[in-house]
Amino acid sequence: MKDINILGIESSCDETAAAVVRNGREVLSNVINSQIETHTIYGGVVPEIASRKHIEVIVQVVREALKKASMTISDIDAVAVTYGPGLVGPLLVGVSYAKAYAYGCGKPLVGVHHIEGHIAANYIDNKELEPPFMCLIVSGGHTHLVNVRAYGEYEILGRTMDDAAGEAYDKVARAIGLGYPGGPKIDRAAKEGDPEAIPFPRAHIEGDEYDFSFSGLKSAVLNYLNSCEMKGIQVNTADVAASFQAAVVDVLVGNSMKALEAHNADKFAIAGGVASNSALREAMEGACRERNVRFYRPSPILCTDNGAMIAAAAYHEYIKGNFSGLSLNAVPNLRLGQKQNKP
Ligand code: KG4
Ligand code: ZN
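Residues numbered from 1 in each chain as written. Chains lettered and ligands numbered in written order. Predicted model: local features only at pLDDT ≥ 70, side-chain atom pairs only at ≥ 80, totals over all residues. Heavy atoms only, no water.

Some points on the domain arrangement of the chain
One frequently used descriptor of interface size is the decrease in accessible area upon assembly of the parts. Applied cut-off: Segmentation into domains, and thus their bounds, comes from an automatic or database assignment. The contact criterion used is simple: two residues touch if any of their non-hydrogen atoms lie within 4.5 Å. Buried area: the accessible surface (1.4 Å probe) lost by two parts on joining, summed over both. Each reported salt bridge corresponds to a side-chain nitrogen of Lys or Arg within 4 Å of a carboxyl oxygen of Asp or Glu. Here a polar contact means two N or O atoms within 3.5 Å. Within protein one must be a hydrogen donor candidate and the other an acceptor candidate, and residues neighboring in sequence count only if both atoms are side-chain atoms. Helix numbering and strand numbering both begin at the N terminus, where a helix is a DSSP run of H or I of at least 4 residues and a strand a DSSP run of E of at least 2.
You can read the domains of the chain as domain 1 (5–120 + 302–320) and domain 2 (132–297). Look at where the C-alpha atoms of domain 1 and domain 2 centre, and you get two points 27 Å apart. Residue-level contacts link 19 residues of domain 1 with 19 residues of domain 2. Summing the contributions of domain 1 and of domain 2, the shared interface buries around 1500 Å²; its carbon and sulfur component is 70%. On the domain 1 side of the contact with domain 2, I115, I119 and C303 bury the most area, a combined 38% of that side's loss. The interface formed by domain 1 and domain 2 contains zero salt bridges. On the surface where domain 1 and domain 2 come into contact, there are six residue pairs in polar contact (both at pLDDT 80 or more). Those elements that place two or more of their residues in the side of domain 1 that touches domain 2 are helix 1 (36–40), helix 4 (114–125) and helix 11 (307–320). Examining the composition of the side of domain 1 that touches domain 2, we find that five residues originate from one element, helix 4, more than from any other.

Section: the pattern of salt bridges
Short version of the rule: In this scheme, a residue with accessible area under 20% of its type's maximum is buried, one over 50% is exposed, and one in between is partly exposed, where area comes from a 1.4 Å probe on protein chains only.
A complete count under the given rule lists 15 salt bridges for this structure. Residues R291 and E261 are paired through a salt bridge, measuring 2.5 Å at the closest nitrogen-oxygen approach. With R291 in the loop between helix 9 (278–290) and strand 10 (294–296) and E261 in helix 8 (residues 237–263), this pair connects stretches of sequence that are 30 residues apart. Exposure remark for R291: the relative accessible area of 32% places this residue in the partly exposed category. By relative accessible area, which is 47% here, E261 ends up partly exposed. Measuring nitrogen to oxygen at the nearest pair gives 3.9 Å for the salt bridge that ties K320 to E317. With K320 and E317 both in helix 11 and three residues apart, the pair spans about one turn of that helix. A residue is classified by how much of its surface remains accessible, and K320, at 45% relative accessible area, is partly exposed.

Regarding the site of ligand 1
The condition is simple: Note on definitions. A residue lies near a molecule or strand when any single heavy atom of the residue is within 4 Å of it. For the area figures, the Shrake-Rupley method with a 1.4 Å probe applies, and any residue is considered shielded solely by the protein chains shown. Residues are sorted three ways: Asp, Glu, Lys and Arg are charged, Ala, Val, Leu, Ile, Met, Phe, Trp, Tyr, Cys and Pro are nonpolar, and all the rest, Gly among them, are polar.
Ligand 1 sits among 20 residues. The nearest are G140, D170, G183, D187 and N277. A distance of 3.1 Å separates an oxygen atom of ligand 1 from a polar atom in the side chain of H114. At 3.2 Å, a backbone N or O of G141 approaches an oxygen atom of ligand 1. In isolation ligand 1 exposes 560 Å². Once the protein is present, 89% of that is buried. Of all the secondary-structure elements, those providing two or more residues to the shell around ligand 1 are helix 4, helix 5 (165–175) and helix 6 (182–190). By residue number, the principal contributor to the shell around ligand 1 is helix 6, which donates four residues. The residue inventory of the shell around ligand 1, partitioned by class, reads four nonpolar, 13 polar and three charged. Viewed by domain, the shell around ligand 1 spans two of them, domain 1 (5–120 + 302–320) and domain 2 (132–297), each represented by three or more residues.

Side note on the sheet that holds strand 2 (residues 15–22)
Condition: Two strands pair if DSSP finds at least two bridges between them. Axis lines are fitted to C-alpha atoms, over the contacting stretch for helices. Their N-to-C directions set the angle, which ranges from 0 to 180 degrees.
The five strands are arranged 3-2-1-4-5 in an open sheet whose pairing can be described as mixed. What marks the edges here is a single partner per strand, and that holds for strand 3 (26–34) and strand 5 (109–113). Recorded for the sheet is a direction-independent mean angle of 20° between the axes of neighbouring strands. In this sheet, strand 4 (residues 78–84) lies alongside strand 1 (residues 5–10) in parallel orientation, the contact comprising four bridges. In the sheet register, L7 faces strand 4, and the bridge partner there is V79. Against the sheet, helix 3 (residues 88–105) touches strand 1, strand 4 and strand 5, its axis set at about 155° to strand 4.

Observations regarding the pairing of strand 3
Of the pairings in the sheet, the one linking strand 2 to strand 3 comprises eight bridges and is antiparallel in character. When the bridges of strand 3 are listed, A18 appears paired with V31. Between strand 2 and strand 3, which pair antiparallel one after the other, the connecting turn spans three residues, and N23 there sits at a positive phi close to 50°.

With respect to the side chain of T16
Tracing the chain through its elements places T16 in strand 2. Polar contacts involving the side chain of T16 include one to the side chain of H54, which spans 2.8 Å. With sequence-adjacent residues up to four places away left out, T16 is seen in contact with E10, V31, I32, N33, Q35, H54, V57, I58 and V61.

Rendered as C-alpha cells:
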C-alpha cells in the first residue's frame, strides 16, 4: 500500500506547531514554536497576543516541518489542522492558513478535533495500540474520560464540571508563587514535599461517578494559604504542591479505574499536557498493573500540543475519505464526535 504523508498543523492555544507523519504512526518531523515566554509575564495565555504570534511564525514553522521531513508539498497527501476546541483567534490562524495552503497546492484538507489529536498521540508512541481502549485526556482546557470504540468513534464517560485538571495546576501554581505554566513547576516542587501534609478534598460528583470537579480543590488551597497568612504561619510550598497533586491524581486515577472495571476494558491510555505529570503516570501505571490492564502513554513531547498528534488523528479520516471543505471554520467549543463542514 502507498505511504500516506500528512502535514498536521496545530494553533489552538499558545503553541504554533507543524509536523509530517507517515501512515498515522511515524513522525518524520515535529516542529513546535512555544509562546510560553511571551505569556509568562502575564501569568497565563493572552488570546490576542497568541493570535498575533501564530501569524508571525506559522509560515516558518510549516516550512521547517517540511524541510526536516526532507519533503516538499508535492510529497504530502493531505493538510490537517485543528479547528476546535480552543481559542478562536489562534484557531482561525491555523484554519485559514491550512485552507489556503491546501487549496493553493491542490491537496485535501482534514479538520481535526483537538482532543482527538491528543488521543492519537498514543498511536505514535505505541505502535501496537488499536481501539477499543479507554483514554483519560487531561490538559489545560479539558478533562475527559473517553471510551475509544474505533478510530474516530468516541463515547464520553466523564468530564470536568468546572476547571480542567491543567487549569487547576496553573491556578494553584500562581497562588503559591511558582508562576506559569504551573503543571511542570508543581510536578517538580511536589517531589520535595509531603503528599499527606495537608488533607485537601477529593471531589466526587453524586450520581455521575466518572465526572470530575477541581474548583473546590482550588478554593481549598486558596483558603489554606489565606488561613496560614492570617495565623502568621510560613507556607511550605513543596508540601502544598505535593498535597494538591496527590488530591488531583487520586481523583483522576480513582474515576478512571471505576470506569475501567465497569466497562471491562483491558487497555488504558492517558493523553494531554497533564499526562506528562510524573506522579500521574506512576499512579496510573501501578493501578493498571494491579488490574492486568495494559497502560499506554505518549512521550512528554507528544503530550503537550503538537502537530504530529493532529496528523496522526487525520490519517484515519483520510483513509475513510472524510475530508473537510473550504467552508471549514474555527469552532472554539467544538464537542468531541461532532463533525463539521464536509466538502
Ligand atoms: O495539552 P496542553 O499542552 O494544552 C491544552 O490543550 O490545554 O496542556 C497544557 C496544560 C497546562 O495546564 C500545563 O500546566 C499542564 O498541561 N502540564 C502539566 C505538566 N506539564 C504540562 N500538568 C501537570 N504536570 C506536568 N508535568
Ligand atoms: Zn491540548
